[in-house]
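# Secondary and tertiary structure notes
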Amino acid sequence: MSELTIIAIRVGFVLALWLFVVAVVLVLRNDLFGTTVVNRSSRDPRRDQRPSADPAKAASVRTEPPATVTSLVVTAGPLRGTSLTLGSTPVLIGRAPECTLVLDDDYASNRHARILRQGDEWMVEDLGSTNGTLMSGRRIDGAEPFRPGAAVRIGRTEIELRRGPR
């Protein structure tokens, strides 16, 4: 073998070794510091819009009945006391930063569960999580009705659906 080939093999081996070291450091950093929590504003930009003077446009805007507001309340776990007002968009729960409710819990999956509205009913759906989602102590598979007062447990976190006056 020529001397140039031996030098090229040595340089390639050193580069591969450094890539391995960098990969190990990145994995360790993620394990030590966990996921990044994204700060989200609780304000809804649609609320800041003034009502339209045009009656046709005002009639086309769908609103929730004025009698009740539905909220999601964390009743147990590290985020106890946290409350989210539910609208028409689904609520994604898990450890990933893009989730609506970010859990810092080793027993929660990145995308663990979703709460969504189907017609007049709220549903809770397990998204194939490793440790499962429990509703009133029973493991659920797929989407099931989520009624006010029912407790849903995801890892160490327990949440309830509540309705109250506006």
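Predicted, not measured: the structure shown is a model, and the values here were computed from it. (Residues numbered from 1 in each chain as written. Predicted model: local features only at pLDDT ≥ 70, side-chain atom pairs only at ≥ 80, totals over all residues. Heavy atoms only, no water.)

### Notes on the side chain of His112
The line we're drawing: The helix count covers DSSP runs of H or I at least four residues long, the strand count covers runs of E at least two residues long, and both are numbered beginning at the N terminus. Polar contact criterion, stated in full: a pair of N or O atoms within 3.5 Å, where within protein one must be able to donate a hydrogen and the other to accept it, and residues adjacent in sequence count only if both atoms are side-chain atoms. Pairs of residues are marked as contacts when any of their non-hydrogen atoms sit within 4.5 Å.
As for its position among the elements, His112 is in the loop between strand 4 (101–102) and strand 5 (113–118). At 3.3 Å, the side chain of His112 forms a polar contact with the side chain of Ser129. Within polar-contact distance, the side chain of His112 engages the backbone oxygen of Gly132 at 2.9 Å. Contacts of His112, omitting those with residues within four sequence positions, involve Ile93, Gly94, Tyr107, Glu125, Asp126, Leu127, Ser129, Gly132, Thr133 and Ile154.

### Looking at the sheet that holds strand 6 (residues 121–126)
Rules: Here the rule is simple: two strands pair whenever DSSP picks up at least two bridges between them.
Across the sheet, which stays open at both edges, the five strands sit in the order 4-3-5-6-9 with mixed pairing between neighbours. Bordering the open sheet on either side are strand 4 and strand 9 (143–145), each of which pairs with just one other strand. Two elements, strand 6 and strand 9, share three bridges in a ladder whose sense is antiparallel. Counterpart to Glu125 in the pairing with strand 9 is Ala143.

### Here's the deal with the confidence of the model for the chain
Just so we agree on the cut-off: The predictor attaches a confidence to each residue, called pLDDT, with possible values from 0 through 100.
On average, residues of the chain carry a pLDDT of 78, and 77% of them reach 70 or more. Model confidence for the chain, summarised as mean pLDDT per element, is weakest for helix 2 (residues 55–60) at 51 and strongest for helix 1 (residues 3–33) at 92.

### A closer look at unusual backbone geometry
Unusually for a residue other than glycine, Ser136 sits at a positive phi of about 55 degrees. Looking at the element boundaries, Ser136 is found in the loop between strand 7 (133–135) and strand 8 (138–140).

### Focus on a nonpolar patch on the surface
Short version of the rule: Candidates for patches are residues over 30% relative accessible area with no salt bridge; among them, like charges are joined within 9 Å and nonpolar side chains (Val, Leu, Ile, Met, Phe, Trp, Tyr) within 5 Å. Residue exposure ignores everything except the shown protein chains as possible cover, and the areas themselves are Shrake-Rupley values with a 1.4 Å probe. Here, a salt bridge means any Lys or Arg side-chain nitrogen found within 4 Å of an Asp or Glu carboxyl oxygen.
A cluster of nonpolar side chains, contributed by Phe13, Val14, Leu17, Trp18, Phe20, Val21, Val24, Val25 and Leu28, occupies part of the molecular surface with about 890 Å² of accessible area. Along the chain, Val21 falls in helix 1.

### Re the pairing of strand 3 (residues 91–94)
We count it as follows: Burial classification: accessible surface area is computed with a 1.4 Å probe over protein chains only, and a residue below 20% of its type maximum counts as buried, one above 50% as exposed, and the rest as partly exposed.
Residue alternation in strand 3 divides its side chains into two sets, Val91 and Ile93 and Leu92 and Gly94, and both sets are buried. Summarising the sheet, strand 3 and strand 5 pair through three bridges and their orientation is antiparallel. Across the sheet, residue Val91 finds its bridge partner in strand 5, namely Ile115. The pairing of strand 3 with strand 4 spans two bridges and is classified as parallel. Note on strand 4: the bridge partner recorded for Gly94 is Val102.

### Focus: the side chain of Thr133
Mapping Thr133 onto the fold places it in strand 7. Judged by relative accessible area, Thr133 falls into the buried class, the value being 0%. Of the polar contacts made by the side chain of Thr133, one reaches the side chain of Asp126; its length is 2.5 Å. Residues within four places of Thr133 in sequence aside, it is in contact with His112, Ala113, Asp126, Arg138, Arg139, Ile140, Val152, Arg153 and Ile154.

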